[in-house]
Amino acid sequence: MNLKERDSLYIANTYKRFPVELQTGKGSLVYDETGKRYIDMGSGIAVTSFGIADEAWIAAVTAQLSRLQHASNLYYTSPCVELAELLCRKTGMKKVFFSNSGAEANECAVKVAREYGRTHLGEEYYTVVTLKGSFHGRTITTLSATGQEHYHEKFRPMTPGFLHTAPGDLAELRSLFRKEKIAAILIECIQGEGGVVPLDPVYAKEAERIAKENGALLMVDEVQTGNGRTGTLYSYEGYGLSPDVVSTAKGLAGGLPMGATLLGEKTESILGYGDHGSTFGGNPVAAAGALSILSRLDDGFLASVEKKGALLREALEGADGIEAVTGRGLMIGLKTVRPAPEVVARAMEKGVLCLTAKDKVRLLPALNIPTELLLEAAGIIREAAAG
Ligand SMILES: *Cc1c(COP(=O)(O)O)cnc(C)c1O
């Protein structure tokens, strides 16, 4: 049996895969089992922040690997402390809880919101308001937070305590705060899985004001938008927001599983001993990988992400078959005339790996993709989208 047949025999049937086996790569190039070269415009869904087999990242990870691969949170280890300190220094947040995925980072945020509501607003203040079209994870609770009904259907009952509101509808948000007992609002500044849809900045600022006026927390899901992806370290900076909780994961450790929940002044002391935990959370190897990524996301580098994002947009805007370009930095969505899956399949045929998000083609290249490869990929995507 070939790999594809063994995969379908032994792997749970939850993923629809493209008919290629990815074997190796370097930077923004990846090769399949036949040796065919692809430009990687997906980065394992915004994960390989500095591309594949990045030398500095490998050095940091392997050095830690041969020192201590895991210790449990019963003991002090240095990489996670260094990483937490760097995250706090760069954001002004106060404390960090480490986990292993975006869903877990959001689970922690929900726990913080519930305990904050209970202790600061009143026993019944546990509701978290999220936005329609959002995506917050696959666990039952983060699925409940996710504002897309079709994800809920098979798995009811959902976790209680979530309300979904239409992004941009301030009247509805105000009315929810009048009628319901709300602990927090949780937003993505740019909905990723929801179709690379940026939140209206005026709505975002006003939603923050309404939440704070009512004593509720502003929580921002930066799982996809974070860690330099949109040209600022976190996308809320571009929106001028001051969140009380920030969750992140995906690109944080450059290809190792790691989630982080950043806690601000109001939330740093909400969880105490025994209130939360994770066996692998803050794992030293993942933390060493994250330190290698995060320490390179300085202002100069972030400016280069912004510049490459502008180049990519410029190369795609107004092209035949491309109706609209959305997103920020190197998180780009394309509304195409051809169905998005067809454009992605045609681009793959021509040697470019892209993603979809709802009805859009989604591009999430490595943050350090060389300009020549970025423009080569853009040319191929134009061809793939053209009528
Ligand atoms: C991917 C994603 C998640 C879930 O992350 P996992 O690591 O798959 O659990 C949550 N929120 C957003 C915005 C995401 O893009």
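Residues numbered from 1 in each chain as written. Predicted model: local features only at pLDDT ≥ 70, side-chain atom pairs only at ≥ 80, totals over all residues. Heavy atoms only, no water.

Asker: Tell me about the environment of Asp221, residues and numbers included.
Answerer: Along the polypeptide, Asp221 turns up in strand S10 (residues 217-221). Residues Asp221 and Leu367, spaced 146 residues apart in sequence, show a C-alpha to C-alpha distance of 19 Å. With sequence-adjacent residues up to four places away left out, Asp221 is seen in contact with Asn106, Phe135, His136, Leu186, Ile187, Glu188 and Ser247. Looking at Asp221, its side chain comes within polar contact range of the side chain of Asn106, at 2.9 Å. (Helix = DSSP H or I, 4+ residues; strand = E, 2+ residues; numbered from the N terminus. Contact = heavy atoms within 4.5 Å. Polar contact = N/O pair within 3.5 Å; in protein donor to acceptor, adjacent residues only side chain to side chain.)

Asker: Requested: an account of helix H7 (residues 170-179), with residues and values cited.
Answerer: Every buried residue belonging to H7 is among Leu170, Leu173, Ser175, Leu176 and Phe177, and all of these are buried. Along its buried surface, H7 packs onto strand S5 (127-131), strand S6 (162-165), strand S7 (182-187) and helix H8 (201-213). (Buried < 20%, exposed > 50% of the residue type's maximum accessible area, 1.4 Å probe, protein only.)

Asker: Tell me about the pairing of strand S17 (residues 360-363), and name the residues and values.
Answerer: Burial of S17 is two-sided: the residues Lys360 and Arg362 facing one way and the residues Val361 and Leu363 facing the other way are all buried. Taken together, the three bridges between strand S14 (residues 331-336) and S17 define a ladder with antiparallel strand orientation. Looking across to S17, one finds that Ile332 is bridged to Leu363. For strand S16 (residues 355-357) and S17, the ladder comprises three bridges, and the chain directions are antiparallel. Looking across to S17, one finds that Leu355 is bridged to Arg362. (Pairing = 2+ DSSP bridges.)

Asker: How would you sum up the sheet that holds S17? Please name residues and give values.
Answerer: Pairing is antiparallel across the open sheet formed by four strands, whose spatial order is S13-S14-S17-S16. Each edge of the open sheet carries a strand with a single partner, namely strand S13 (322-328) and S16. Sheet twist, expressed as the average angle between the axes of neighbouring strands with direction ignored, equals 30°. Across the face of the sheet, helix H11 (residues 299-316) comes into contact with S13, S14 and S17 while running at roughly 170° to S13. (Axes fitted to C-alpha atoms, helices over the stretch in contact; angles between N-to-C directions.)

Asker: Which residues make up the packing of aromatic side chains, and what values go with them?
Answerer: For the structure shown, the criterion picks out three aromatic pairs. Each ring, one from Tyr234 and one from Tyr236, has its centre 6.3 Å from the other, and the planes form 5°; the classification is stacked. Both residues of the pair, Tyr234 and Tyr236, count as buried. (Phe/Tyr/Trp six-rings, centres within 6.5 Å; stacked < 30°, edge-to-face > 60°.)

Asker: Which residues make up the nonpolar core, and what values go with them?
Answerer: Met41, Leu87 and Leu363 are the most contacted members of the largest nonpolar core, which totals 90 residues. No other element matches the eight residues that helix H13 (residues 371-385) contributes to this core. Shared between two domains, this core takes at least three residues from each, and those domains are domain 1 (3-54 + 299-385) and domain 2 (68-295). Grouped together as the second largest cluster of nonpolar side chains are 18 residues, Phe97, Val110, Val112 and Ala145 included. (Core = buried A, V, L, I, M, F, W, Y, C linked by side-chain atoms within 4.5 Å. Domains from an automatic or database assignment.)

Asker: Before we move on, could you go through the pairing of S10 and cite the residues and values that matter?
Answerer: Each regular strand displays side chains that alternate between the two surfaces of the sheet. With five of its five residues buried, S10 lies for the most part within the structure. Here S10 shows two buried faces, one formed by Leu217, Met219 and Asp221 and the other by Leu218 and Val220. Pairing geometry for S7 and S10, over four bridges, is parallel. By the bridge assignment, Ala184 is partnered in S10 with Leu217. In terms of strand pairing, S10 meets strand S11 (residues 245-248) through three bridges, oriented parallel.

Asker: Describe the site of the ligand, with residues and values.
Answerer: Taken together, 13 residues lie near the ligand, and Gly102, Ala103, Asp221, Gln224 and Lys250 sit nearest. A distance of 2.8 Å is found between an oxygen atom of the ligand and a backbone nitrogen or oxygen belonging to Ala103. Measuring from an oxygen atom of the ligand, one finds a side-chain N or O atom of Lys250 at 2.6 Å. In isolation the ligand offers 380 Å² of accessible surface; the protein chains occlude 83% of this area. (Near = heavy atom within 4 Å. Areas by Shrake-Rupley, 256 points an atom, 1.4 Å probe, with all protein chains shown as cover.)

Asker: Talk me through H8; I want residue IDs and the actual numbers.
Answerer: Taking 1.5 Å of rise per residue, 13 residues should cover 18 Å, and H8 covers 18 Å from first to last C-alpha, within 8% of that figure. Of all the positions in H8, only Tyr203, Ala204, Glu206, Ala207, Glu208, Ile210 and Ala211 are classed as buried. On its buried face, H8 sits against S5, S6, H7, S7 and S10. Here H8 starts with a cap whose side-chain oxygen sits 3.1 Å from the backbone nitrogen of Val202, and that cap is Asp200. Just beyond H8, the residue with positive phi is Gly215, at close to 80°. (Expected span 1.5 Å × (residues − 1).)

Asker: I'd like a description of the domain arrangement of the chain, backed by residues and values.
Answerer: One widely used convention gives an interface's size as the accessible area the parts lose upon coming together. For the chain, the assigned domains are domain 1 (3-54 + 299-385) and domain 2 (68-295). Taking only C-alpha atoms, the centre of domain 1 and the centre of domain 2 are 26 Å apart. Taken residue by residue, the interface counts 25 residues in domain 1 and 27 residues in domain 2. The junction of domain 1 with domain 2 conceals about 2,100 Å² of combined surface from both sides, 59% of it contributed by carbon and sulfur atoms. (Buried area = accessible area lost by both parts, 1.4 Å probe.)

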